[in-house]
Amino acid sequence: MSSPLLSLLRSQETARTILERAVSSGRIHHAYLFTGPDGVGKELAAFGLAQALLCERRTSGANGACGACSACTRAVPREGERTALHPDLVIVERGLHAPQSIGRRTPETQEISIDQIRTLVLSRAAFAPHEGRAKVIIVRRAEELSISAANALLKTLEEPGQKTHFVLVSSQPEALLPTILSRTLAVRFAPLPDDVVADLLAARGIEAKRAREIARLASGSVETGERLADPEESDARERFVERALDAISARTSAGVLALAEEAKKDKDALPSRIAALAAALAARAADAAAASSTDAEALANRGRHALTALEHLAGNGAPQLVVEAMLMRMRTS
Ligand SMILES: [Zn+2]
């Protein structure tokens, strides 16, 4: 028998308390905004909430759902899939639905289009749920809503109609329109503690010792951890660190510019690569300090530039500019 998803949420006491209270009191808000880094449980919580709303054997407990009935099973995407089978659960995501199914000729490459909002959300707003319990709309990466799509959603977000609930999920809530923010109830998800990331990685089949090492570099995100554990990415990361170290001490800035250029296409992998560079510099600084070398301070400063770059990336800085500025500063420190 499967467990209700909400019971699997690890750490996240704040979010858990808000959701468990809502579910057990039966007063579930009509429009949530789940914010926080990727890979910390936002999506799991969104589908857990969908289970609580759609379950055929709703319980009065903190999870609200049984986790095992047909509705609970259909409210969650199967392994490796992005959509779920329950007809009262709508998943909105850029590029998820075939263009012709949402009334478009071309794929959504940049944004969640107003076409998707019209076809999947607005056109169904007037109808009762197919199975009678509730309608749930989950919007992945809500910051990708186009301005017209976001505007089209506003009225429904404010007055979604009976039994309709929205969960907007975003790691970049600052990129959402203020009008969306003001119509949703924000629930914050924090980075996970390293030991929780290590546990979750181990549960996905990564050897325990390695899982602990990776967890230290994963910035509290299981998703980042999984990427770090991927052998191909781990080679690419080592190459990035070597090339960065070469570029810092090279006579010309050609190496810096090349790495900055490549950063554009390796956007997702970049934070873990820069974290690895920071770790490499910190280790060298420690060695230099132990040997009373005069290089220790310069190395430590370079490590700090890497950490600053990570902050800029998290704050939505353009990858190319962040990498270029970081390496240029390292060259002069
Ligand atoms: Zn159920």
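The coordinates are above.
Conventions we followed
Residues numbered from 1 in each chain as written. Predicted model: local features only at pLDDT ≥ 70, side-chain atom pairs only at ≥ 80, totals over all residues. Heavy atoms only, no water. Helix = DSSP H or I, 4+ residues; strand = E, 2+ residues; numbered from the N terminus. Buried < 20%, exposed > 50% of the residue type's maximum accessible area, 1.4 Å probe, protein only. Polar contact = N/O pair within 3.5 Å; in protein donor to acceptor, adjacent residues only side chain to side chain. Patch = residues over 30% accessible without salt bridge, like charges linked within 9 Å, V, L, I, M, F, W, Y side chains within 5 Å. Areas by Shrake-Rupley, 256 points an atom, 1.4 Å probe, with all protein chains shown as cover. Salt bridge = Lys/Arg side-chain N within 4 Å of Asp/Glu carboxyl O. Lys, Arg positive; Asp, Glu negative; His and termini not counted. Charge placed at Lys NZ, Arg CZ, Asp CG, Glu CD. Pairing = 2+ DSSP bridges. Axes fitted to C-alpha atoms, helices over the stretch in contact; angles between N-to-C directions.

Caption draft 1: Local environment of the side chain of Lys-42. Inspection of the secondary structure assignment puts Lys-42 in helix H2 (residues 42-54). With a relative accessible area of 5%, Lys-42 lands in the buried category. One polar contact links the side chain of Lys-42 to the main-chain carbonyl oxygen of Pro-37, over a distance of 2.7 Å.

Caption draft 2: Main features of a negative patch on the surface. Together, Asp-230, Glu-232, Asp-235, Glu-238, Glu-242 and Asp-246 give the surface a local cluster of negative charge. Note that Glu-242 resides in helix H10 (residues 231-249).

Caption draft 3: Molecular detail of the pattern of salt bridges. Taken as a whole and assessed by the stated rule, the structure comprises 19 salt bridges. Put simply, Glu-261 and Lys-264 hold a salt bridge, and the shortest N to O gap is 3.2 Å. Exposure remark for Lys-264: the relative accessible area of 44% places this residue in the partly exposed category. Overlapping salt bridges, with partners in common, bring together Glu-43, Arg-82, Glu-93, Arg-94, Arg-140, Arg-141 and Glu-144 in one network.

Caption draft 4: Up close: the sheet that holds strand E4 (residues 164-170). Taken in spatial order, the five strands make up an open sheet running E2-E3-E4-E1-E5, and their pairing is parallel. Across the chains shown, the open sheet's two edge strands, defined by having one partner strand only, are strand E2 (89-92) and strand E5 (185-188). Strand-to-strand, the axes of this sheet are offset by a mean angle of 20°, without reference to chain direction. In this structure, strand E1 (residues 31-35) lies alongside E4, joined through five bridges in parallel fashion.

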